[in-house]
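Letter by letter, the chains look like this.
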Amino acid sequence: MRLDKYLKVTRLIKRRTVANEACDAEKVFVNGKPARASYDVKVGDIILINIGQHPLKVKVLNVTEYATKDNAADNYIVVED
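Let me begin by describing the structure that accompanies this report. (Residues numbered from 1 in each chain as written. Predicted model: local features only at pLDDT ≥ 70, side-chain atom pairs only at ≥ 80, totals over all residues. Heavy atoms only, no water.)

Brief notes about the overall build of the protein
Piece 1. In terms of helices and strands, the protein carries 2 helices and 5 strands.
Piece 2. Ordered by position in the sequence, the α and β elements of the protein form the string α-α-β-β-β-β-β.
Piece 3. Taking 81 residues into account, the globule formula puts the C-alpha radius of gyration at 12 Å, and the protein, at 11 Å, falls close to it.
Piece 4. When its C-alpha atoms are laid out on the principal axes, the protein stretches across 30 × 30 × 25 Å.
Piece 5. The long-range share in the protein, meaning contacts at least 24 apart out of those at least 6 apart in sequence, stands at 37%.
Piece 6. Summing over all exposed atoms, the protein offers an accessible surface of approximately 5,300 Å²; the carbon and sulfur share of this is 50%.
Piece 7. Between the mean site of the 14 positive side-chain charges and the mean site of the 11 negative ones, the protein shows a separation of 3 Å. (Helix = DSSP H or I, 4+ residues; strand = E, 2+ residues; numbered from the N terminus. Rg over C-alpha atoms; globule rule 2.2 N^0.38 Å. Contact = heavy atoms within 4.5 Å. Areas by Shrake-Rupley, 256 points an atom, 1.4 Å probe, with all protein chains shown as cover. Lys, Arg positive; Asp, Glu negative; His and termini not counted. Charge placed at Lys NZ, Arg CZ, Asp CG, Glu CD.)

What to know about the nonpolar core
Within soluble globular proteins, side chains that are nonpolar tend to cluster in buried spots.
Piece 1. Residues Leu3, Tyr6, Leu7, Val28 and Ile47 are the most contacted members of the largest nonpolar core, which totals 19 residues.
Piece 2. Secondary-structure elements contributing two or more residues to this core are helix H1 (3-9), helix H2 (16-24), strand S1 (28-30), strand S3 (46-49) and strand S4 (56-60).
Piece 3. Beyond its immediate stretch of four places on either side in the chain, Leu7 contacts Leu12, Ile13, Ala19, Val28, Ile47 and Ile49. (Core = buried A, V, L, I, M, F, W, Y, C linked by side-chain atoms within 4.5 Å. Buried < 20%, exposed > 50% of the residue type's maximum accessible area, 1.4 Å probe, protein only.)

As for H2
Piece 1. All of the buried residues along H2 are Ala19, Ala22 and Cys23. Relative to the axis of H2, the buried residues are bounded by an arc of 100° and lie together on one face. Facing away from the buried side of H2 by over 90 degrees, the exposed positions are Thr17, Glu21 and Asp24.
Piece 2. Turning to H2, the residues buried within the fold contact H1 and S1.
Piece 3. Where H2 ends, the next residue or the one after it, Glu26, has phi of about 55°, a positive value. (Arc of directions from axis to C-beta.)

Some remarks on the pairing of S3
Every regular strand shows the same layout, with side chains that alternate between the two sheet faces.
Piece 1. In S3, alternate side chains face the same way, and those of Ile47 and Ile49 are buried while those of Ile46 and Leu48 on the opposite face are not.
Piece 2. With 3 bridges joining them, S1 and S3 adopt antiparallel strand pairing. What sits directly across from Val30, in S3, is Ile47.
Piece 3. Pairing of S3 with S4 involves 4 bridges; the strand directions are antiparallel. The partner of Ile49 across the bridge, within S4, is Leu56.
Piece 4. Between S3 and S4, which pair antiparallel in sequence order, lie 6 residues; one of them, Gly52, sits at a positive phi of approximately 85°. (Pairing = 2+ DSSP bridges.)

So this is what it looks like as structure tokens:
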């Protein structure tokens, strides 16, 4: 699944266009490298989102095409440094 779609489906970023713009501005990193919106997300990837005051670092646990509000957070786990 594309990175911008994954960020939207898991509700880490509210809209896909915003996710796409964040990737273009190099505010999203995957495994320590700036990631393009077309990056293919895989289980085990570490995603760092530098938007706002507090950066968010998550580990991908599952990649699903659709997620409800209740189970969207089951696709990742927040990682602390």
